[in-house]
Amino acid sequence: MTGAEAEWPLDGPELAGEDFGLWVRGVDYMAGWREAREAADEVNLAFLGSGFEPSELRAVAATNDDGRGVVRLVGQPGAVIRLAGLLWRSANGGGGAA
């Protein structure tokens, strides 16, 4: 892939990275990934609704070694700092967008 497409993860389970290990026979990685994908889709809609562009911040579905779904945050440092500010304000009752 080249250009903008290279920024997007493949539409399937993440197969590389520091947590990559051998797949174990009998472990249902796809079920975990599907669950993580649904959660990532919800988070990505919330990011869009909060003014983040997918090119700056997104949730990515993956699985861990035992097949459980995980959702990873992928983002530019400035966008992650904006997100942290939103979370702090929400935790302190301030609400609002960045």
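Presented here is an overview of the structure given in this document. What you see is a predicted model, and the numbers here were worked out from it, not measured in a lab.

Some words on the environment of A79
Take A79: it is sitting in helix α2 (residues 77-91). For the pair A79 and E56, spaced 23 residues apart in sequence, the C-alpha separation works out to 6.1 Å. Dropping the residues within four chain positions of it, A79 is found in contact with F52, E56 and L57.

So, helix α1 (residues 29-49)
Its 21 residues place the ends of α1 30 Å apart at the C-alpha level, agreeing with the 30 Å of an ideal helix rising 1.5 Å per residue. Every buried residue of α1 is accounted for by Y29, G32, W33, A36, A40, N44 and F47. Here the buried residues of α1 occupy an arc of 100° about the axis, which is enough to place them on one side. Away from the buried face of α1 by more than 90 degrees, exposed residues E35, E38, E42, L45 and G49 are located. Considering only its buried residues, α1 is in contact with β1 (57-63), β2 (69-75) and α2. One or two residues past the end of α1 sits G51, with phi positive at roughly 95°.

A look at the pattern of salt bridges
In the structure shown here, the tally under the stated rule is 3 salt bridges. The shortest N-O distance in the salt bridge between R37 and D41 comes to 3.3 Å. Taken together, the positions of R37 and D41, both in helix α1 and 4 residues apart, correspond to about one turn of that helix. Overall, R37 belongs to the partly exposed group, its relative accessible area being 30%. Note that E56 is salt-bridged to R82, the shortest N-O span being 3.4 Å. Remark: R82 occurs in helix α2 and E56 occurs in the loop between α1 and β1; sequence separation between them is 26 residues. E56 gets classed as buried once you look at its relative accessible area, which sits at 16%.

How each quantity is defined
- Residues numbered from 1 in each chain as written.
- Predicted model: local features only at pLDDT ≥ 70, side-chain atom pairs only at ≥ 80, totals over all residues.
- Heavy atoms only, no water.
- Helix = DSSP H or I, 4+ residues; strand = E, 2+ residues; numbered from the N terminus.
- Contact = heavy atoms within 4.5 Å.
- Expected span 1.5 Å × (residues − 1).
- Buried < 20%, exposed > 50% of the residue type's maximum accessible area, 1.4 Å probe, protein only.
- Arc of directions from axis to C-beta.
- Salt bridge = Lys/Arg side-chain N within 4 Å of Asp/Glu carboxyl O.

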